[in-house]
Each structure stands twice: as C-alpha cells, then as structure tokens.
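# Understanding the architecture of this molecule
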Amino acid sequence: MAVPLLDLKLQNLALHGELTAAFDRVLRSGHYILGAELEAFERAVTPLGGAPFALGISSGTDALLLALMALGIGPGDEVIVPSFTFFATGGCVSRVGATPVFADVCPICFNLDVQDAERRLSPKTKAIMPVHLFGQAADMDSIMALARKHGLAVIEDGAQALGAEYRGRRVGGFGDFATYSFFPSKNLGALGDAGLLVARDEALAEKARLLRVHGAKPKYYHHLIGANFRMDPLQAAFLSVKLPQYETYTRQRQANAADYTARLKALDGVVVADPNQCGCRTGPTSPSDARLVLPVAYPHVTHIWNQYTLRVPGKGRRDALREHLTSRGIGSEIYYPVPLHAQPCFAPGRVDRGPWPVSDRLAAEVISIPIFPELTEGQRSEVVEAIAQFLASGR
Ligand SMILES: *Cc1c(COP(=O)(O)O)cnc(C)c1O
C-alpha cells in the first residue's frame, strides 16, 4: 500500500458539495475582491488567530512582508530570525531592505534558541521573528522577555501553528503581529494561496489594513506605499467551509502523532526527544544520539503537528531511511535541507555571526513522515513497519 506524504484531494473532496456551493455563491455574487465573504471569514477565524484583529492576506509570505512594512522596518535594520525554518521568514526581511540575522535553534523542539538570539543582538536590531515550527509554539515567555528588555518588535510566524497554544493561550496573541498561511499543505489549507495577519493593537492593524490596498483611503488617495496583499473572497469562501472541520483535523493529526510515538518508541534504538534537554533558554544541549529520535510535544503547549519530524543521527543514515521509505512507496520530505544561513542568496560574510551547529545538524538529520488527518490505521502501520525494517537491517 502506497502512503503519500499528503493527500489534499481526500480532505477537499469530502466537502465537495459545500465547496462547490461556495464557489457558486461567489460566482453569482459578482463580487471578487474584498467584501462580505472575506469579512465573514476574518470574523470566524479570529478566535483561532490569538489576537483581536485579523486580516485576510494573499499568502503567509505576504503577511510577513506586510507585518514588517507596518512596523516600518527597512534598510539599516536587523531582524533576528531562526536559521532553521521555511525560507519566507528570512526572505521577507531582505525584501523590505533590512538584514536577517540568523539565530540557532533548539535540537528538541526545533524552535528559536533564545539565548543564542540574544547573543546576536546589535544596536541595529529592531525585531525578532519566532517561528512556531511544525505546529509547536516557540518559548514565548523568554522571547517576550528578551523583546521587552531590548525594545524589539515581535512578529510570530504561525504559518504552521494556527490555533496552537502556549501555556493555555493561543499563539499569535503574544507579538505585535502574527502571520498564518493557508497554503494547501498547511493545517487549514485553501485551494490556492492565502494567508492571515493578526494584531493585538488596533492602530497597527489599521495601518496594515491600509498597506494591504496600496495605502489608499479612499481609493486612489495614497497615504502610504503599500501593495496588493488581499486574500481572494473565493479562497475566503472555501476556507469558511473548511474552518468548522478544523478541530477535527487537529484531533486527527494529534491522534496520528500519538499512535506513531507509541509504536515507534517500542522499537530498539528509538527514543523520544527529552524535553529536559530543551535548549530554548539554555543554549545548545547534548541531544540524544539514539538511532532514531522521535519528536516530543511539551506538556505546556498544544502541539498541532503540521509535521511529524524524526531525527536520524549518523552520517548518511537519514538519506538511507528516506530511500528505504521511497522504495516502499512511502512519502516523506526534508523540512529543511539547507538552513537559511547557508542559502546561496544570503551571501555568507554579509552578516557572519555563526556558528549555527544545531541548525546544521538538524538539516542533516531530520525527516518528516506522513501525518495528514485522513491517514488510516493501515497506512500508519505501513510506515511503522517500514521504519522497523530499516532499523532491523542494522542501518
Ligand atoms: C508556509 C510557510 C510560510 C509561507 O506561507 P505561504 O502562504 O506559502 O506564503 C512562512 N513561514 C513558514 C514557517 C511556513 O511554513
């Protein structure tokens, strides 16, 4: 039985009638930019976003860009970004003309190492952008303490963590802004590109709202230089259909993760990452060198499992496992094979404040396996058996 990394059709075809009706409603409305359909979705999604003001945006990337623009970050400014994340987090900083300064991450939860971030601050640092990677919150208490101490703005990149919680509060409500993505493979996926920006402060939210439409109010009177950052009402209508299912999707992901962990940790040489080794506050720790390390959900957060990401220590072993899974028809992906500090577009030497030992190590050791909500018991067994076979072969 083949097990894809992801099966988007399964989830969307289950809502075929409702999605078709949503399309028909937008088609017949004759209203294809902004308007009631988008506002209805913005209202409906607000409780999940963690902050009182929510704006539908053209993508998660554009939401990051818009947040930086609204905060007035630009040339001469530096922004702290984790090195181990999706490209957009760092790319947007460069796009506004500022300099991304890459900080290392924690080997246990994969999130920003706050002590390392503090070491990389300079008088030019204006903001810090924690990412809630793979669906688990970054250490927001220490990030907010650091931001307050040094007067930094905070933008939470919540692209993979819509609705995740940190100490009983939704992520997104800590920073000045938070951004989300509805890219089809995210936990709440549109049928195309879409994103969300949320803010705690009304004035900042209004500034972002203005920048979303080329800074114009009313139309053709431009107060600020913005851009076109609007979410299509069509995507909003689709998302409004899927939103009521979101809790179910999340529960299914959590159940999949719990099942994987229970079955994989029983195998020889497999351990669960130890939360006591978390390096978010303390800097690099010595994470386990077991043959396979499973991801852990910290007790003080609600992990929503955008990815279930294993570590496979030992030279070449991660790639060997990936080949083995592929040969058995099992999908997997490397999120992410190259840390941002090593990307060719961020010319080394521009801001050289390495090293980034954990990011480098994770890039070589991580592999994400299928975790999508519709995964069946049989498919999970197939994945577990394939991993067991790999380990039993002595690799
Ligand atoms: C997906 C993602 C983004 C970008 O979102 P898009 O909607 O694809 O533009 C940004 N940051 C992270 C961490 C992501 O996973």
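Just so it is clear, the model here is predicted, and its values are computed rather than measured. (Residues numbered from 1 in each chain as written. Predicted model: local features only at pLDDT ≥ 70, side-chain atom pairs only at ≥ 80, totals over all residues. Heavy atoms only, no water.)

Interaxial distance between helix H10 (residues 246-264) and helix H13 (residues 377-392) falls to 11 Å at its minimum, and their mutual angle equals 35 degrees. By crossing handedness, the relation of H10 to H13 is classed as right-handed. The residues of H13 that touch H10, namely those facing Asn256, Asp259, Tyr260, Arg263 and Leu264, are Glu377, Arg380, Ser381, Val383, Val384 and Ile387. Considered class by class, the residues forming the contact of H10 with H13 number 5 nonpolar, 2 polar and 4 charged. (Axes fitted to C-alpha atoms, helices over the stretch in contact; angles between N-to-C directions. Helix = DSSP H or I, 4+ residues; strand = E, 2+ residues; numbered from the N terminus. Left-handed = near helix turned anticlockwise from the far one by under 90°. Contact = heavy atoms within 4.5 Å. Nonpolar A, V, L, I, M, F, W, Y, C, P; charged D, E, K, R; others polar.)

The sheet built from 3 strands is open, its strands ordered E7-E6-E12 with antiparallel pairing. Of all the strands in the sheet, the pair left with one neighbour each is strand E7 (169-170) and strand E12 (301-302). Both strand E6 (residues 165-166) and E7 contribute to a ladder of 2 bridges, which runs antiparallel. When the bridges of E7 are listed, glutamate 165 appears paired with arginine 170. (Pairing = 2+ DSSP bridges.)

Okay, the sheet that holds strand E9 (residues 195-199) next. Sheet strands pair by backbone hydrogen bonding; their relative direction is either parallel or antiparallel. Across the sheet, 7 strands lie side by side as E1-E9-E8-E5-E4-E2-E3; this open sheet has mixed pairing. Looking at the sheet topology across the chains shown, the edges are occupied by strand E1 (53-57) and strand E3 (99-103). Each adjacent strand pair in this sheet contributes to an overall mean axis angle of 25 degrees, direction not counted. Examined bridge by bridge, strand E2 (residues 78-82) and strand E4 (residues 125-128) share 3 bridges and lie parallel to one another. Residue isoleucine 80 lies in a different strand from E4, and its bridge partner there is isoleucine 128. Contacts from helix H3 (residues 36-49) reach E1, strand E8 (177-181) and E9, with the element oriented near 125 degrees to E1. Seen against the sheet, helix H4 (residues 60-70) touches E1, E2, strand E5 (153-157), E8 and E9 and runs at an angle of roughly 165 degrees to E8.

A rise of 1.5 Å per residue sets the reference length of H13, with its 16 residues, at 22 Å; its end C-alpha atoms lie 22 Å apart and thus fit the reference within 8%. For H13, the full list of buried residues reads Gln379, Arg380, Ser381, Glu382, Val383, Val384, Ala386, Ile387, Phe390 and Leu391. Residues of H13 that are buried sit in contact with H10, strand E10 (270-272), strand E11 (292-294), strand E13 (308-311), helix H11 (317-327) and strand E14 (366-369). Looking one or two residues beyond H13, the residue adopting positive phi is glycine 394, at roughly 85 degrees. (Expected span 1.5 Å × (residues − 1). Buried < 20%, exposed > 50% of the residue type's maximum accessible area, 1.4 Å probe, protein only.)

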